Structure formats: structure tokens, C-alpha cells
Amino acid sequence: MLRYAGRRRRGWTAILVVTLLGTAASLLAPLPLKVLVDNVLGGHRVPATLSWLPGTGARHVLLAWVVAFEILVFAAAAAVEVLGTYLWTVVGQGMVFELARDVFARVLRRSLGEHQRDSVGDAIERVAGDSWAVHTVMDELLLTPLASLAAIAGVVVVMVNLDPGMSLVVLATAPLMAVAPLALGRRTRSLGEAERQVQGRIHAHVHQTLTGIGVVQAFGQESRQHLHFEQLARRAIRLQIRGALLGGLGGLGTGLVTALGTGVVLLLGAHAVLHGRLTIGGLLVFVSYLGVVQGHLSGVAHIYSTLQGARPSIDRVVEVLDATPEVADRPGASALPTVRGELHLEHVSFGYQPERPVLHDI
């Protein structure tokens, strides 16, 4: 499925660059808070990196610079987000519809016997629903890890400069955050398979009922069809509830590790401030960066479970793309000569299923 992304490598490169720019904006966002607390309100000396700005010796001028920088960072982050959304729409959805086009073309070339075995609703679900799995694959398998690793690396560099000990505590929690997603991965996959099957059955039932609506109404079967739809819908809702429960358990496990790490960092950070090794503004910035790191670590930790949830859709799409056609030319088949407009059929037998011939010795 990655070949669909390879055809848009320029677009994905642009998305990666925009994502990294958004990461850089998120790294700059907490810095004005440190200057505000330490240098404007706390009276600490202006750092050398800001001393070249005009008027930084006066607190009210420095405050104006802080406000201006905060607005500038917000505007840059908003612009990057809009550009990223546009690129995801053009590149990501374009890739999805290209895959859906190929799946639809393969479905059209299936034999009638295959169409009889699989419902129309299931085929619709594969084309319109399962094709979005390629979007998940690109996001979770490529962009999320690269962007998260870049953000974590940048934040860790800043955090180590602020306090190496607390930085080690933050990094030590990373492996623990992956325990819950890994433990629930297989259940997420099996649940996703059941959900895709139910969705296909719902589409099939709606398609069959509405296609034969004249017969349904003629025999007064509206209530029966409605009851069957309700049964399928209840099944889908139960699966959704189980999925939400699994997601909640995974989030609970990750949240407990995050809360534990935050508590330890706050304890160590407050101790460092009381002993003069860290300023209040530095602690606030560290806590802000802690949230950024934990968010990216949580995203990386949930990649496995997210891909497991998308795996059933991936399998259903690949099953169609890689299927061997039932109707194909035999080895050594005669090539059709120039067609002159006349056709002779001699001793032809045919059937969509071998045990049920439709034509015999025509």
C-alpha cells in the first residue's frame, strides 16, 4: 500500500516539513512565559540571547516584546496548521481515492460467482470505508514517528539544559507508556475485524432492502427488515462500546504513567527552585515541555494499537488487490484475429460455478 504514497512523495515531503515547522512553533511557545516570570516579574537579568533587542533594560518594553513574540508564535503556529490541513486534504485524501479507485476496478472485474459469494454491501464497505486505511498507515507508520522523534529530541535538548536529573525521569517513563497499548493490541485487532464485518453486513442489508423495496412493500415486510437492521445496529453499538472501553483502558494505563512522571518532576522541580538551582520560570517552561514530550510519547506508544485497529481494513483491501481473477485466459489460448463482425459458437459450455452450468454444448 505504500506505493500509493510513493507516487506523492513531494506532497508527503511538504507535509513532513510543515509538521516539523509546527513542532518548532510548539517548542518556542513556552519561552515567553519564562521571560515574563523571571525577567519581567522576577527581576532577573535579561539573558544574552535577548539583550540585543532595543529597550530590554526597561521592564515595560521587555513586556511588550514578550507579548509581541507570543502573538508571533501563535500566528505562525496557526498558519502552519492551516497549511498542514490543506496538504493533508490534497495529498492524503487524493491517495485514499486513488486506492479506492483501484479497489473498485478490481471489484468490477470479479466474476459473477465471486459477487454471489460476497454481498454488494461488503464490496461497498471495502471501496468506500476500508480504503481509508492507507491514510492511517501513512500517518501512523511514517509521519507520526518522524515528527514525534524530532519534537522529543528538540524538547529533551532544552530540558537537559534546564535540569538533567528531571530530564532522565521524563525519559525513564517512556517505556512504561507503551505497556498498555502493546497489551491491548491483539484485542483491538480482533475487535476491528468484527466491526468491519458488521459494517459490511449493515451496508449489504440496506442495499438489498432498498434495491428490492417494491417486493418488500408488496409483501408487507417493512417491519421485518427494520427489525433485522436494528439487530445489526445493536451489534455494531456493542462493538463500539467495547472499542471505547479498550481505548479507555489504554488511555488509563498511559495516563497513570504520565501522572506519576509529572508528580516526580514537580517534586524534583520544586526542590530545585527552593535551593536556587532553577528559576520559577524555568520550572514552568520545564512543565510545559513535559506535557509536549508526554503527548508525543503517548502518540508513539499508541502507534501499535492504532495500526492493529486498522489492520482488518488493510487486510480487506489487500485481499481484493492481490486476489487471482477466477476468469482468465488459459495458457496457450488463441489470440483473437481481426474481428469482421460475425461470430460462431460451437460446442460451448459455460457456468459461473463448475457444478452449475448455465450453457451446455451451444
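Structure first, text after, so check above.
What counts and what doesn't
- Residues numbered from 1 in each chain as written.
- Predicted model: local features only at pLDDT ≥ 70, side-chain atom pairs only at ≥ 80, totals over all residues.
- Heavy atoms only, no water.
- Helix = DSSP H or I, 4+ residues; strand = E, 2+ residues; numbered from the N terminus.
- Rg over C-alpha atoms; globule rule 2.2 N^0.38 Å.
- Buried < 20%, exposed > 50% of the residue type's maximum accessible area, 1.4 Å probe, protein only.
- Contact = heavy atoms within 4.5 Å.
- Areas by Shrake-Rupley, 256 points an atom, 1.4 Å probe, with all protein chains shown as cover.
- Lys, Arg positive; Asp, Glu negative; His and termini not counted.
- Charge placed at Lys NZ, Arg CZ, Asp CG, Glu CD.
- Core = buried A, V, L, I, M, F, W, Y, C linked by side-chain atoms within 4.5 Å.
- Salt bridge = Lys/Arg side-chain N within 4 Å of Asp/Glu carboxyl O.
- Axes fitted to C-alpha atoms, helices over the stretch in contact; angles between N-to-C directions.
- Parallel < 35°, antiparallel > 145°, perpendicular 65-115°, else oblique.
- Left-handed = near helix turned anticlockwise from the far one by under 90°.
- Nonpolar A, V, L, I, M, F, W, Y, C, P; charged D, E, K, R; others polar.

Here we look at the overall build of the protein
And step 1. Along the protein, the regular secondary structure elements total 15 helices and zero strands.
And step 2. In terms of C-alpha radius of gyration, the protein reaches 30 Å, well past the compact-globule figure of 21 Å for 362 residues.
And step 3. By principal-axis analysis of the C-alpha atoms, the protein measures approximately 100 × 50 × 40 Å.
And step 4. Counting across all 362 residues of the protein, residues that qualify as buried make up 34%.
And step 5. Across the protein, every contact between residues at least 6 apart in sequence was considered, and the portion connecting residues at least 24 apart equals 80%.
And step 6. Entry remark: accessible area of the protein is about 21800 Å², with carbon and sulfur atoms responsible for 65%.
And step 7. Across the protein, the mean location of the 30 positive side-chain charges is 6 Å away from that of the 26 negative side-chain charges.

Section: unusual backbone geometry
And step 1. The phi dihedral of histidine 347 falls on the positive side, at around 55°, and the residue is not glycine.
And step 2. Topologically, histidine 347 is positioned in the segment after helix 15 (303-321).
And step 3. Positive phi is not limited to glycine here, since aspartate 361 has a value of about 50°.

A look at the nonpolar core
And step 1. In this structure, Trp12, Ile15, Met95, Leu99, Val103, Val107 and Leu321 are the most contacted members of the largest nonpolar core, which totals 23 residues.
And step 2. Contributing elements (two or more residues each) for this core: helix 1 (2-6), helix 2 (9-28), helix 4 (59-108), helix 6 (120-128), helix 7 (133-162) and helix 15.
And step 3. In terms of residues, this core owes the most to one element, helix 4, which gives ten residues.
And step 4. Setting aside residues no more than four positions away along its own chain, valine 107 makes contact with His115, Ala123, Val127 and Val320.
And step 5. Formed by 21 residues, the second largest nonpolar core is a distinct cluster that contains Met159, Met166, Val285 and Leu290.

Observations regarding the pattern of salt bridges
And step 1. Summed over the entire model, instances satisfying the criterion amount to eight salt bridges.
And step 2. Between arginine 101 and glutamate 98 there is a salt bridge; the shortest N-O distance is 3.8 Å. Of this pair, arginine 101 and glutamate 98 both sit in helix 4, separated by three residues, roughly a single helical turn.

Remarks on the packing of helix 8 (residues 164-172) against helix 14 (residues 280-301)
And step 1. Orientation of helix 8 relative to helix 14, taken along the N-to-C sense of each, is 20°, at an axis distance of 11 Å. Taken together, the axes of helix 8 and helix 14 are roughly parallel relative to one another. Our pair here, helix 8 against helix 14, has a crossing hand that is right-handed. Mapping the contact onto sequence places Met166, Ser167 and Val170 in helix 8 and Phe286, Leu290, Val293 and Leu297 in helix 14.
And step 2. Residues of the contact of helix 8 with helix 14, tallied by class, amount to six nonpolar, one polar and no charged.

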